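Observations on chain architecture
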Amino acid sequence: MPTTAVSLFLTSLSEESSQSLLKHSIPVDLPLSTVLYEAQENPPYAYFITSGMASVVTAMPDGATAEVGVIGREGVIGSVQLMGPALAPTRCFMQLAGSALRIPISELRKAFVVSPEIRERLLEFLQEQMMILSQVAGCHRLHEAEERLARWLLMVQDCSQSDVLGLTQEFLGMMLGSRRTTVGTAAGALQAKGLIDYQRGRIKIIDRQGLEEAACDCYQVAKELYSGLYSRAPRGGYN
């Protein structure tokens with residue numbers, strides 16, 4: 001695993017708490033499209049993402065899908081199962097290939113119960129995810145495809161820390177809950193403005209500031225939530 005690959009969740013913890021989780025974790029590679037959990041499934045593992053990006057999507061009975069969340073190095077995939085017995089209606093898979101530290105859900109659950117620090121950091125992450133989910137739900141309903149695509153590309157870049165994103169039109173349609181033709185038109189409009197370079201299976205962000213101006217206000221909400229995550233985490237203040 002590259003030395004630059006790091007879990008922001010684990011680095012927010014005290015050394016003692018971090019080591020208590022690491023001793024039960026193993027490093028794993030997560031190729032593109034790796035499924036981390038399926039809908040209505042009780043997953044056996046949780047993942048501390050160290051690089052790449054996972055997408056959380058919901059599917060309708062007619063097969064239509066839409067993304068409801070993206071999770072990068074800040075996240076703990078599967079942690080929602082610590083909140084209760086209900087099974088998630090979403091599925092989660094790797095949108096951008098990466099790596100993680102994998103831990104049995106049973107061990108993470110023990111740590112959640114025993115350690116106040118780990119519990120509070122997990123709840124903080126889950127709160128951020130719930131708030132972003134609420135914002136994205138409104139975004140899908142109220143904003144145009146071009147604004148939503150700009151917002152989503154910025155969120156992906158924040159997770160991946162890369163200007164070049166390997167994203168197919170099929171994936172983009174799934175993420176935005178839109179037809180491929182709609183996605184193509186929106187991407188073409190952003191390219192015509194000189195904000196991105198859009199090719200088959202590849203998007204390069206050329207003008208980050210311009211893309212922020214083209215995005216809906218939802219991006220700034222998500223950005224503030226993301227940047228504030230773990231910033232108030234105490235160091236060494238737990239017994």
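A brief structural summary.

Conventions we followed
Residues numbered from 1 in each chain as written. Predicted model: local features only at pLDDT ≥ 70, side-chain atom pairs only at ≥ 80, totals over all residues. Heavy atoms only, no water. Salt bridge = Lys/Arg side-chain N within 4 Å of Asp/Glu carboxyl O. Helix = DSSP H or I, 4+ residues; strand = E, 2+ residues; numbered from the N terminus. Buried < 20%, exposed > 50% of the residue type's maximum accessible area, 1.4 Å probe, protein only. Arc of directions from axis to C-beta. Pairing = 2+ DSSP bridges. Axes fitted to C-alpha atoms, helices over the stretch in contact; angles between N-to-C directions. Parallel < 35°, antiparallel > 145°, perpendicular 65-115°, else oblique. Contact = heavy atoms within 4.5 Å. Nonpolar A, V, L, I, M, F, W, Y, C, P; charged D, E, K, R; others polar.

This next bit is on the pattern of salt bridges. A complete count under the given rule lists eight salt bridges for this structure. Where E38 meets R91, a salt bridge forms, and the shortest distance between an N and an O atom there is 3.1 Å. With a gap of 53 residues between them, E38 in the loop between β2 (35-37) and β3 (45-59) and R91 in strand β6 (residues 90-104) connect regions that are remote in the sequence. Assessed through its relative accessible area of 27%, R91 is described here as partly exposed. Two residues, R208 and E212, come together in a salt bridge whose shortest N-O distance is 3.0 Å. Of this pair, R208 and E212 both sit in helix α8 (residues 208-214), separated by four residues, roughly a single helical turn. Relative accessible area serves as the criterion here: at 24%, R208 is assigned to the partly exposed category. Through salt bridges with shared partners, a single network forms among D158, R208, E212 and K223.

Here we come to helix α2 (residues 15-22). By the burial criterion, the buried members of α2 are S17, S18 and L21. Down the axis, α2 shows its buried residues gathered within 100 degrees of arc, on one side only. Facing away from the buried side of α2, by more than 90 degrees, are the exposed residues E15 and E16.

Bringing the sheet that holds strand β7 (residues 164-165) into the picture now. In space, the three strands of this open sheet follow the order β7-β9-β8, with antiparallel pairing throughout. With partners counted over all chains shown, the strands left at the sheet margins are β7 and β8 (196-199), one partner each. Sheet topology places β7 next to strand β9 (residues 202-205); two bridges connect them, and they run antiparallel. What sits directly across from L165, in β9, is I203.

Before going further, it helps to examine the packing of helix α5 (residues 145-160) against helix α6 (residues 169-176). The contact between α5 and α6 brings their axes to 11 Å, and the two run at 105 degrees. Between α5 and α6, the angle is such that the two are roughly perpendicular. Mapping the contact onto sequence places R148, L149 and W152 in α5 and L172, M175 and L176 in α6. When the residues that make up the contact of α5 with α6 are grouped by side-chain class, the tally is five nonpolar, no polar and one charged.

Looking now at the side chain of Q95. Within the secondary structure layout, Q95 lies in strand β6. Overall, the relative accessible area of 0% leaves Q95 in the buried class. Apart from the residues within four sequence positions on either side, Q95 is in contact with L32, M53, A54, S55, W152, G166, L167, F171 and M175.

Another aspect to go through is the pairing of β6. By the criterion of burial, β6 is predominantly enclosed, with 11 of the 15 residues buried. Where strand β1 (residues 26-30) meets β6, five bridges bridge the pair, whose relative direction is antiparallel. Bridge pairing in β6 places D29 opposite S99. Relative to β6, β2 runs antiparallel, the two being bridged by two bridges. Counterpart to Y37 in the pairing with β6 is C92. Relative to β6, β3 runs antiparallel, the two being bridged by 12 bridges. Following the sheet pairing, A54 is matched in β6 by M94.

Just distances and angles here, no functional claims.
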